[in-house]
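# Tertiary structure, described
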Amino acid sequence: MTDFSIIGKPIAMVDAAGKTTGSGKYTDDLNLPGMLVGRILHSPFPHARIKRIDTSRAAALDGVVAIVTGKDAPNPYGILPVGHDEHALALDKVRYVGDNVACVAAIDEATADQALELIDVEYEVLPAYFDPEESMKAEADLIHDNKPHNLEKDYHHVFGDPDKGFADADHVAEARFIANEVTHAAMEPHSTLAQFEIDSQTGKRGRLTVWSSTQVPYYLQHKLSLVLEMPMAQIRVIKPLVGGGFGGKSEVIPLEIIAAIAARAARAPVKITYTREEVFWAHRGRPRTIIDLKTCVKNDGRITAVKARVIQDGGAYCSYGVVTILYSGALLGALYDIPNIQYDGYRVLTNKPACGAMRGHGTVNVRFAFESQLDELAAKINLDPADIRQRNLLQPPCVTVNGLRVQSYGLPECIEKVVERSGWKQRKGKLPRSRGLGIACSHYVSGAANSIIRSDMPHSTVNIKIDRDGGVVVYTGASEIGQGSDTMTAQIAAETLGCSLGRVKIVAADTDLTPIDIGSYSSRVTFMAGNATLRAAEQVKKQIAAAAARKMSCAPEELIFRDDSVFRKNGHVGTAAFGRPAEQGSSASVSGRVEGQILRGSLQQKRKDEGPKDWMTFEEAVVAAIDFHGALTGTGSYAPPPEARGGKHKGGGVGPSPAYSYSAQVAEVSVDEETGEVTVHKVWAAHDCGRALNPVSVEGQIIGSVWMGMGQALTEEMVWKDGMLMNPGLLEYRSPSSVESPEVEPIIVESIDPEGPFGAKECSEGSLAATIPAIANAIYDAVGVRLHEVPFTPERVLAALRAQRGQKKINLTEGIDPTAPAKFREHGGSLWFRGKGPERHPLDPARREGPAEAAGGD
Amino acid sequence: MEEAVGYLAKHDLGIRVLAGGTDLIPSMRQGLFDSEHVLDIRHIGELRGIRPRPGNGVEIGALTTLAFIERADFLRRHYPVLTEAAATVASPLLRNMGTIGGNICLDTRCLWYNQSLTWRKGCGFCIKKDGDLCHVAPGGTKCWAAFSADTPPALLCLNAEVEIASASGVRRMRLSDFYTGEGDAYRKLQANELLTRVFLPESSADYRGVYRKLRIRGSIDYPLAGVAVAMKRSNGYVADARLAITAVNPAPLLVKGVTEMLEGKAVDEALAESVGVLAAKTAKPLTTSALTPEYRREMIRVFTKRAVMAVANGN
Ligand SMILES: Cc1cc2nc3c(=O)[nH]c(=O)nc-3n(C[C@H](O)[C@H](O)[C@H](O)COP(=O)(O)OP(=O)(O)OC[C@H]3O[C@@H](n4cnc5c(N)ncnc54)[C@H](O)[C@@H]3O)c2cc1C
Ligand code: SF4
C-alpha cells in the first residue's frame, strides 16, 4: 500500500510550538522546592594522583549544604560493559584537565563557586600523554593500570585476501590522513536535577527521581543503580525536552551521577547545569584520528583491496571507544563492493577528555580518507569520480566480505540524482579557475543490530492504550532530542490505526511509565522504535477490527482504518472515496474528540437501531472494542533479526545493522588562492532513507548533516596545548554561522526497506560523512591540491597551495599542531613551573608547596 | 556626567565602567575583573549620538552603539571607513548593544587570558592577570595580548581624537596617543577617567575608505587581522592616504610610510603590493589568537594589497 494519509506528508513536529513559544521545559527550566545548586570542582592537571582532599574549609562556608567526593560513590561505571573505568568523582587519580574531583551543593551558584575555591586538594602530578602515537609507547605511569601501553583496545581484521588484491591491482594510492578532534556543540548544555523522596511508609530515604538531558534514560537508570547501589526499580529517570544531543548525551555523563550523589548527601534536590566549558570537558566527541590508508584499483576502476590502519586519540576513558574503533573498520564495508579488506584499529588513551559517540559515529573520519583517496585514484586512471563510484556498487541483497547484510540499496539512485541535479556532466572541469565540484558518498546504520548491553532483550518496546474517548496514548522509551522521534511515533501510530494525528498523545522517555528502549543513538529510533510502534498499533488495531467486524457483520480482514473511521473495503453505501459517505469526513473526528462523552451514548443507540453498518467512526469502533475485550491495549517490540547480526569474528558485533542508509553529495566550492579561504556555495545531497515518513523532517536532517559536516570540514577543531583545551567555548570553537551556510538541496531517495517500518531507514547521520570528502574533492577540482588534514583551515589550504606552486615555504601551520606538547612545557606554564615570584596568585597551583614539586618530567 | 565621574573618583581602583557590557560582562564571568563596583553609564544621554559640527568635523558620543554608527547616513557619506569597520564587529545583536567607546577601550585579547578562572588556574596565570610569565613569548616580561577591536584602525585613519573626562576636568588627545603598545596596560585611561567623545576632523571628511577583516566565520568572530585604509584622490592620483592595522599587535597601529609611498602616485598592483609588504612588517602577530602568527602576518599583506586596490578603484 503506498497510499498513506499521515506518513509521507510534511508534518510539523508535534512539540514545535512548545519550543518556539518557550512554554516547553528543558531540564534547566525545572525547579523544585528546596532545590540546591551543584557545582563541580575540576582537576587543573592532566594526570595526577590525588593524595588528599580537605573539604573542611568549604564545608564551613555559610550556605554550603553538602560536599561530595569520589569516596561517596566509589563504584566504577562506563557505557560499555567492557569499559567500566569511570568514577563520577575521581577516586584516586585525575586523568584530564577538567576531570571531576568534588561537588558542592549550596543554596546558590555564587556560594557553591566560592566553596569550590576552599576545597584543598593535594595532587601528585604524573607525566601525561597527549599524542596517541607517543602514548602507545608508554611503559610507566599508565593512564589506567590495566591498560598496557595506554592501549584501550586494538583490532586486526582481515577479510578476503588483501595481499592478492594488492597484487592484482593496476594502481595503488597510499597516504596518511588526519582528522582533528571535534565536538557536538549541542545548543543545550547538559543539565540534571536529582531528588530523593522520603519513603512514605518508613520515613527513610526512598526513591530517586532524576530529570536529565539525556539521549538514553534507560542507560542512565542502569548506571545510577550500579553506582548508588539501588535497585533500578527505585530509580526513575525522566527526560524533559532536550536541546540537541548528537551523541554527546548518548551515555551517562558525570554530572548525571554527581547530581544524584549530591542530592543524597544534601538530603535535598540538587540541580547541576554545565557551563559551556564543562560541556567541552564532558565531551564524548569525535576523536582525532590518524588514518593510514591504501586503496588499490584495476584499470577499469574496480577496487581490489583496501588496507587501513586507524589510530584514535580516545582521551582518558573508554566511553564508546571500543565501538568507535570497530565502526571505523566495519563501515569500510557495505557502501561499495570491496572484496578484500585489511583493518588495524587502535583506540588509544591520552590525558584529555574522553571521546565517544558523535553523529556518524566511527565512520566519518575514515570515510573522509577513503573518498578522498578514491578521488585521487579516479584522477590517476582518468575516470570521472562519479563513474568510479558507480563501478564499485554492491549487488544487494548480499552479505559483504566483512559480514554486513545489505538489502535495500539506494546508492546508485543517489549518485544519479546528484550528478543530474548539479549538472555534473556539463559543468565538472568547466568552471572558472578556483571553483570546483566534488562528489562523495557515505552510508550509516539504522541502529546497531547488536546492542551494547549483551542481552537478548528487545531493543525497543512500545505500549499503546486507547480509552473510550478514542484518545490514543503511546508509551515509548524512545527519546525525543529534537530529531523528531515523538512525531515519528505519533505518525506511525496514527497511520496504522487510521486515526488523526491529534488523537495521539506520546508519553516518552520516563522509566516509570515507558517500557525499555535503549535510547536515541546510532540512528536506531525510526527503525526500531518505529517498528515496535507499528507492531503495538497493529495489535490494538486487530482488537478493534475484531469488534468492529462483528458490528458490521463482516470479516476483520475486510476492514480499512483511515481518516478516523473504520469501513469495509467494498461497502454497499460507499460511493465516496473510501467507501463511506463523504460528508461525514473529518468533522466526525473533530466533534468525536470534543463531544465524545456526550455523543457516545446516543450514537451507539442510533447505530444499534440502524443495524449493521458499512462504516463506523474510529471512536465508535474503539467503544465497541472496549465493550467487547475490556481494556484496549497493545504492545509491540523489536529486536533485529539474527541474519542481520553480522559475522562471528572478534568485534564482528559492531557494524551490522538491519538496514543501511545511503548518501551521495556534490559540493561546489571556490578557493581564494591568496588567502586559502574556502567558500562552499552549494551542496546537492541525496539520501536514501528507505521511506520518508515525514519529508520535511528528513530534509531537515539532511541539511543539518551537511552543515555539521561542513563545520568539521572547514572550521571546527579542538585545539590542545599540553592537555589544555585552548578553545573551550563557542566563540573560539567555531561552528559555522548562518553567514557561511551554503545552499543545500536535499534530495530524498526512497528504496523502501523490506524490514523498516513502512520501509523507512535512518536519515540523520549517514549524510554527514559525505560532506567532508565532497568538499575536499571539490577543493581538489578547484585548485588541484589534495588536502590530507581536516579541517581545511585557510592556513592549511594556503600552505598546500604554496607547496604546489613551489613558493617560498612560510611555515603557516606550525604551532597549531595539537601533538606538539614540547613547546608549552619547555617554557613552562606555571603548571610545570616551579619557584619564581612571591606575587603569584594565591590560587596558582605552582605556588603550592609539597608534591607539586614533582611536576615537570615525563 | 558629574555624578558618574564622582563615583569614579571615589572608588578609583575598585570600579569598572560598563557601557554596552558586551565585553565587560563575559570577562567578569571569567573572573578577569574582580572589581567591587560596576558603574553603569548607559543612561548618560549626552554621551549618545552623532553630532556634525560644520567646519569642525563630527563628534560621536562614546555611548553611540555600533549599529547606530553603521546605519548613520552622515558617516556613510563622509567617513565611510568607519561605517565599514563598525559593520564588521561581532554580530548584529552585539552591535545593537556594543558602543563605540567600548570598542575603543576594548580589552586586549589572548587565548591564554580570555579563559575561565578554572582554566587559568590549570594552565598557570600570566602577566596580564595574576601571574608573572607569558605563555606566548616565553622568557619575556612583556604582555603581547592582541588589540582586537575593529573600529580603532578606521578611526586612526581618520585622525580621530578622543575626549577623556574625570573629576578633575576634561582632556583631549589623539587616538594614536591613546594606546601604549603594551598588552596589559594597553590604554592611557586612568581608572577614574571616562572616555566621553570621539572627534573626527573635517580634514578627514570625504576620504574614500575600506576595511578588510580576517575572520574565520562571516559573523561573530573577532578580527584575527584587520586593515583600514582611507584615501583621498585627485585626478586619478593619490592626494593623501593613511592605513592602519589591528589585531596583530597590542595596539592598533597606523602604518608608517604609507602616506609617503602612495602620495602623488596612481595605484596599481605593484604599488599596492609594496604597501602590503610594508604593513606586514609593522604587524607582529603572536600566538595570542587562532590561526598561526605567520598566516596572520601574510594576510595583513594580502588584505592590505586588496584594500588599497579596492579603495583606489572605488571599492
Ligand atoms: C561574541 C563576541 C564577539 C565580538 N566580536 C567583536 C569583533 O568582531 N570586533 C570587535 O571590535 N569587538 C568584538 N566584540 C567586543 C565588543 O562587543 C565590542 O568591542 C563592543 O564595541 C564593546 O563595547 P561595549 O559598549 O559593549 O563595551 P563594554 O563591555 O561595556 O566595555 C568594554 C571595556 O571598555 C571600558 N569602557 C567602555 N566604555 C567606556 C567609556 N566610555 N569610558 C571608559 N571606559 C569604557 C569598559 O570598562 C570595559 O573595560 C565581541 C564581543 C563578543 C561577546
Ligand atoms: S600575551 Fe602573554 S602575558 Fe599577555 S595575555 Fe597572553 S599569555 Fe598572558
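No experiment lies behind these values; they were computed from the predicted model shown. Throughout, residues of each chain are indexed from 1 in the direction in which the sequence is written. All chains are assigned letters beginning at A, and all ligands numbers beginning at 1, according to the order in which they are written. Given that this is a predicted model, residues contribute local features only at a pLDDT of at least 70 and side-chain atom pairs are listed and counted only at 80 or more, while totals for whole chains, interfaces and linings are drawn from all residues. Hydrogen atoms and water are omitted, and side-chain values are computed over all heavy atoms in the structure.

### Some thoughts on the overall build of chain A
Numbering of helices and strands starts at the N terminus; helices are DSSP runs of H or I of at least 4 residues and strands are runs of E of at least 2. Scanning chain A from N- to C-terminus turns up 21 helices and 31 strands. When a residue's accessible area, from a 1.4 Å probe over protein chains only, is under 20% of the maximum for its type it is buried; when over 50% it is exposed; and in between it is partly exposed. Counting the 858 residues in chain A, one finds 64% classified as buried. In the form shown here, chain A has an accessible surface area of approximately 29,800 Å², with 51% of it arising from carbon and sulfur atoms. Surface accessibility follows the Shrake-Rupley procedure with a 1.4 Å probe radius. Residue values consider only the protein chains on display as shielding.

### Observations concerning the environment of Leu224(A)
All names here are of chain A. Mapped onto the secondary structure, Leu-224 falls in helix H6 (residues 217-228). In sequence terms Leu-224 and Arg-236 are 12 residues apart; their C-alpha atoms lie 9.9 Å from each other. With sequence-adjacent residues up to four places away left out, Leu-224 is seen in contact with Leu-208, Val-210, Glu-229, Ile-235, Val-237, Glu-256, Ile-257 and Ala-260. It only takes one pair of heavy atoms within 4.5 Å for two residues to be counted as in contact.

### Structural notes on the pattern of salt bridges
Criterion for a salt bridge: a side-chain nitrogen of Lys or Arg within 4 Å of a carboxyl oxygen of Asp or Glu. Counted under the stated rule, the structure contains 78 salt bridges over all chains. Arg176(A) is paired through a salt bridge with Glu133(A); the nearest N and O atoms lie 3.0 Å apart. Taken as a pair, Arg176(A) in strand S8 (residues 171-179) and Glu133(A) in helix H4 (residues 132-135) lie far apart in primary sequence, 43 residues in all. What makes Arg176(A) partly exposed here is its relative accessible area of 34%. Its salt-bridge partner being Glu152(A), residue Lys147(A) comes within 3.4 Å of it at the nearest N-O pair. The network of salt bridges with common partners includes Asp672(A), Glu674(A), Arg802(A), Glu273(B), Glu298(B), Arg301(B), Lys305(B) and Arg306(B).

### What about the packing of aromatic side chains?
Pairing of aromatic rings covers Phe, Tyr and the six-membered ring of Trp, with a centre-to-centre limit of 6.5 Å; geometry is then stacked below 30 degrees between planes, edge-to-face above 60, and tilted otherwise. Under the criterion given, the structure shown has 17 aromatic pairs over all chains. Look at Tyr336(A) and Phe370(A): their rings are 5.9 Å apart centre to centre, the planes differ by 25 degrees, and that puts the pair in the stacked class. Of the two residues, Tyr336(A) is situated in the loop between helix H9 (321-330) and strand S15 (341-348) and Phe370(A) in helix H10 (residues 364-380); the sequence distance between them amounts to 34 residues. No difference in accessibility class separates Tyr336(A) from Phe370(A), as the two residues are buried. Charges are assigned to positions over rings by a cutoff of 6 Å between ring centre and Lys NZ or Arg CZ, combined with an angular limit of 35 degrees from the ring normal. Sitting above the plane of the Phe166(A) ring, Lys294(A) keeps its charged end 4.2 Å from the centroid. The residue whose ring lies beneath Arg172(B) is Phe199(B), and the NZ or CZ to ring-centre distance is 3.6 Å.

### Overview of the pairing of strand S13 (residues 288-297) of chain A
Residues and elements named next belong to chain A. Burial within S13 is extensive, with nine of its 10 residues counted as buried. Should DSSP find at least two bridges between two strands, the strands are regarded as paired. Two elements, S8 and S13, share nine bridges in a ladder whose sense is antiparallel. Along S13, the bridge assignment pairs Glu-174 with Lys-294.

### Some points on the site of ligand 2
Contacts to ligand 2 come from Cys110(B), Trp112(B), Tyr113(B), Cys126(B), Ile127(B), Lys128(B), Cys134(B), His135(B), Val136(B), Cys143(B), Trp144(B) and Ala145(B). Across the shell around ligand 2, the residue classes tally to 10 nonpolar, one polar and one charged. The cutoff for a nearby residue is simple: one of its non-hydrogen atoms must lie within 4 Å of the molecule or strand. Throughout this entry, Asp, Glu, Lys and Arg are counted as charged residues, while Ala, Val, Leu, Ile, Met, Phe, Trp, Tyr, Cys and Pro are counted as nonpolar. The remaining residues, Gly among them, count as polar.

### Concerning the side chain of Arg347(A)
Residue and element names in this part refer to chain A. Tracing the chain through its elements places Arg-347 in strand S15. Polar contact is defined as a pair of N or O atoms within 3.5 Å, subject to the rule that within protein one atom must be able to donate a hydrogen and the other to accept it, and that residues adjacent in sequence are counted only when both atoms are side-chain atoms. Polar contacts involving the side chain of Arg-347 include one to the side chain of Gln-312, which spans 3.0 Å. Here the side chain of Arg-347 touches Cys-355 through a polar contact of 3.1 Å, landing on its backbone oxygen.

### What about the site of ligand 1?
Around ligand 1, the surrounding shell holds 35 residues, and the nearest of these are Val17(B), Gly20(B), Thr22(B), Thr99(B) and Asp150(B). Site remark: ligand 1 is flanked by residues from chains A and B. Arg16(B) has a polar side-chain atom sitting 3.3 Å from an oxygen atom of ligand 1. Ala90(B) places a main-chain nitrogen or oxygen 2.9 Å from an oxygen atom of ligand 1. Burial of ligand 1 by the protein amounts to 96% of the accessible area it has alone, namely 970 Å². Only strand S1 (15-18), helix H7 (100-105) and strand S7 (194-200) of chain B provide two or more residues apiece to the shell around ligand 1. Among the elements that make up the shell around ligand 1, the one with the highest residue count is H7(B) (four residues). Residues of the shell around ligand 1, tallied by class, amount to 20 nonpolar, nine polar and six charged. Where each domain begins and ends follows an automated or database-derived domain assignment. Composition of the shell around ligand 1 by domain shows at least three residues from each of domain 1 (2-203) and domain 2 (209-312) of chain B.

### What about the environment of Arg427(A)?
All names here are of chain A. When you line up the elements, Arg-427 lands in helix H13 (residues 424-427). For the pair Arg-427 and Ser-697, spaced 270 residues apart in the sequence, the C-alpha separation amounts to 31 Å. Contacts of Arg-427, omitting those with residues within four sequence positions, involve Ser-422, Leu-437, Glu-668 and Trp-684.

### Brief notes about the nonpolar core
Membership of the largest hydrophobic core comes to 121 residues, with the highest contact counts inside it found for Tyr219(A), Tyr320(A), Phe370(A), Leu411(A), Ile775(A), Ile779(A) and Phe792(A). Among the elements that make up this core, the one with the highest residue count is helix H19 (residues 768-783) of chain A (10 residues). Domain assignment of the residues forming this core places at least three in each of domain 1 (31-126 + 188-243 + 249-282) and domain 2 (148-183 + 284-451 + 645-805) of chain A. When sequence neighbours within four positions are dropped, the list of residues in contact with Ile779(A) reads Val669(A), Val671(A), Val678(A), Gly784(A), Val785(A), Leu787(A) and Phe792(A). Ala72(B), Ile104(B), Cys105(B) and Ala205(B) belong to the second-largest nonpolar core, a separate cluster that totals 45 residues. What makes a nonpolar core is a set of buried Ala, Val, Leu, Ile, Met, Phe, Trp, Tyr and Cys residues whose side-chain atoms join them at distances within 4.5 Å.

### Observations concerning the sheet that holds strand S5 (residues 161-166) of chain B
Residue and element names in this part refer to chain B. Strand order in this open sheet of five strands is S3-S4-S7-S5-S6, and the pairing throughout is antiparallel. Bordering the open sheet on either side are strand S3 (50-52) and strand S6 (169-174), each of which pairs with just one other strand. Neighbour to neighbour, the strand axes of the sheet diverge by 20 degrees on average, direction disregarded. Pairing geometry for S3 and strand S4 (residues 58-61), over three bridges, is antiparallel. When the sheet's bridge partners are listed, Pro-52 is paired in S4 with Val-58. For helices, the axis comes from a line fit to the C-alpha atoms of the stretch in contact; other axes are also lines fit to C-alpha atoms, and the angle between any two N-to-C directions lies between 0 and 180 degrees.

### As for the domain arrangement of chain A
All names here are of chain A. Splitting chain A by domain gives domain 1 (31-126 + 188-243 + 249-282), domain 2 (148-183 + 284-451 + 645-805), domain 3 (457-638) and domain 4 (827-858). At the interface, 15 residues of domain 1 touch 16 residues of domain 3. Buried area counts how much accessible surface, traced with a 1.4 Å probe, disappears from two parts once they are put together, with both parts' losses summed. Between domain 1 and domain 3 lies a buried interface of about 1,300 Å² when both sides are counted; carbon and sulfur atoms form 52% of it. The tally of links between domain 1 and domain 3 comes to three salt bridges. Put simply, Arg-236 and Asp-512 hold a salt bridge, and the shortest N to O gap is 3.6 Å.

### What to know about the pairing of strand S30 (residues 743-749) of chain A
All names here are of chain A. Among the seven residues that make up S30, five are buried, leaving the element largely enclosed by the rest of the structure. Relative to S30, strand S27 (residues 678-688) runs parallel, the two sharing seven bridges. The residue of S30 that forms the bridge with His-687 is Ile-748.

### Description of the sheet that holds strand S21 (residues 504-508) of chain A
Residues and elements named next belong to chain A. Pairing is mixed in the open sheet, where four strands are placed in the order S21-S20-S19-S25. Two strands bound the open sheet, and with one partner strand each, they are S21 and strand S25 (632-638). Geometrically, the sheet is characterised by an average inter-axis angle of 20 degrees between neighbouring strands, direction not taken into account. Across the sheet, helix H14 (residues 485-497) lies against strand S19 (460-466), strand S20 (472-476) and S21, angled at about 135 degrees from S21, the strand it touches most.

### Looking at unusual backbone geometry
Residue and element names in this part refer to chain A. Along the chain, Pro-396 connects to Pro-397 via a cis peptide bond; the corresponding omega equals 0 degrees. Positionally, Pro-397 belongs in the loop between helix H11 (385-390) and strand S16 (398-399). Cis geometry is adopted by the peptide bond preceding Pro-791, which originates at Val-790 and carries an omega value of 5 degrees. Structurally, the position occupied by Pro-791 is in the loop between strand S31 (789-790) and helix H20 (794-805). For Arg-267, which is not glycine, the phi dihedral falls at a positive 55 degrees.

### Focus: the packing of H6(A) against helix H7 (residues 254-266) of chain A
Any two packed helices are characterised by the angle at which their axes cross and by the distance between the axes. Residues and elements named next belong to chain A. One can describe the packing of H6 onto H7 by two numbers: an axis separation of 10 Å at closest approach and a directional angle of 45 degrees. Taken together, the axes of H6 and H7 lie oblique to each other. The way H6 lies across H7 gives a crossing that is right-handed. Across the interface between the two elements, Leu-220, Lys-223, Leu-224, Val-227 and Leu-228 of H6 pack against Glu-256, Ile-257, Ala-260, Ile-261 and Arg-264 of H7. Residues that form the contact of H6 with H7 fall into these classes: seven nonpolar, no polar and three charged. An angle below 35 degrees is treated as roughly parallel, one above 145 as roughly antiparallel, one from 65 to 115 as roughly perpendicular, and anything else as oblique. Take the far helix as your reference; a near helix turned counterclockwise from it by less than a right angle gives a left-handed crossing, and one turned clockwise gives a right-handed crossing.

### What to know about the confidence of the model for chain A
All names here are of chain A. Each residue carries a pLDDT value, the predictor's own confidence for that position, ranging from 0 to 100. Looking at chain A, the pLDDT average stands at 90 and 89% of residues meet or exceed 70. Confidence drops under pLDDT 50 across residues 572-598; counting only partners more than four residues distant or on other chains, this segment forms 32 contacts. Below pLDDT 50 for its whole length, residues 814-858 participates in 90 contacts with residues either more than four positions away or in separate chains.

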